[in-house]
Amino acid sequence: MTVAPHRINLTSATILSGVYLTAGVGIELVRRYFGFRWAERASLALEVFPARILDWLGLFVSFRKAWAQGILSDIQVRLLYGLTTIAVIYVLGFLVALAMWTATRWWPRKTS
């Protein structure tokens, strides 16, 4: 039985997104309620990746201005960061599935 590469990658992307969001929520709760220094550093580390993606897309400057002016709340910023990260995970999963599909079309399996 063969499983299509896109199904494997979609499942992996879903699991990875869930783990990322769960870790983010857990770290944010620890940071807010207990104020541990490691939680502050972990929270900043989780924010770097989506911030760089938004910067790469040319959206970070306007996003930062909206947050500084109070147009976006902290929760909206976290939501946008989370959605950005999930989108990147799924795009990468799609690209890997596309590469695997292409490879299976170019190099068919040898049967023995």
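Structural data are supplied above this passage.
So, here is what we can say about the structure in this document. (Residues numbered from 1 in each chain as written. Predicted model: local features only at pLDDT ≥ 70, side-chain atom pairs only at ≥ 80, totals over all residues. Heavy atoms only, no water.)

Quick look at the overall build of the protein chain
Counting its secondary structure elements, the protein chain contains four helices and zero strands. The linear arrangement of helices and strands in the protein chain, starting from the amino end, is α-α-α-α. Each of the three principal axes of the protein chain carries a C-alpha extent, and together these read 65 × 30 × 15 Å. Entry remark: accessible area of the protein chain is about 8,700 Å², with carbon and sulfur atoms responsible for 69%. Each charge class in the protein chain was averaged separately, 12 positive and 5 negative side chains, and the resulting centres sit 14 Å apart. (Helix = DSSP H or I, 4+ residues; strand = E, 2+ residues; numbered from the N terminus. Areas by Shrake-Rupley, 256 points an atom, 1.4 Å probe, with all protein chains shown as cover. Lys, Arg positive; Asp, Glu negative; His and termini not counted. Charge placed at Lys NZ, Arg CZ, Asp CG, Glu CD.)

Let's talk about the environment of valine 30
Along the chain, valine 30 turns up in helix H1 (residues 5-34). Given a relative accessible area of 19%, valine 30 falls into the buried group. In this structure the C-alpha to C-alpha distance between valine 30 and serine 43, which are 13 residues apart in sequence, comes to 9.8 Å. Not counting chain neighbours up to four residues away, the residues in contact with valine 30 comprise Gly35, Phe36, Trp38 and Ala39. (Buried < 20%, exposed > 50% of the residue type's maximum accessible area, 1.4 Å probe, protein only. Contact = heavy atoms within 4.5 Å.)

Overview of helix H4 (residues 74-106)
If you check H4, its first and last C-alpha atoms are 48 Å apart, about what 33 residues at 1.5 Å a residue would give, namely 48 Å. For H4, every residue scored as buried is listed here: Val77, Tyr81, Gly82, Thr84, Thr85, Ile86, Val88, Ile89, Gly93 and Ala97. (Expected span 1.5 Å × (residues − 1).)

Thoughts on the side chain of glutamate 28
Looking at the element boundaries, glutamate 28 is found in helix H1. A distance of 2.6 Å separates a polar atom in the side chain of glutamate 28 from a polar atom in the side chain of arginine 31. The residues touching glutamate 28, leaving out its near neighbours within four places in the chain, are Ser43 and Arg78. (Polar contact = N/O pair within 3.5 Å; in protein donor to acceptor, adjacent residues only side chain to side chain.)

Comments concerning the packing of aromatic side chains
This model, assessed by the stated rule, comprises four aromatic pairs. Their ring planes at 20° and their centres at 6.2 Å tell us that phenylalanine 36 and tryptophan 38 sit as a pair that is stacked. Taking the relative accessible area as the measure of exposure, tryptophan 38 reaches 46% and is therefore partly exposed. Ring centres of phenylalanine 63 and tyrosine 81 lie 5.6 Å apart, and the angle between their planes is 55°; this geometry places the pair in the tilted category. Residue phenylalanine 63 is found in helix H3 (residues 60-68), and its partner tyrosine 81 is found in helix H4; the two are separated by 18 residues along the sequence. (Phe/Tyr/Trp six-rings, centres within 6.5 Å; stacked < 30°, edge-to-face > 60°.)

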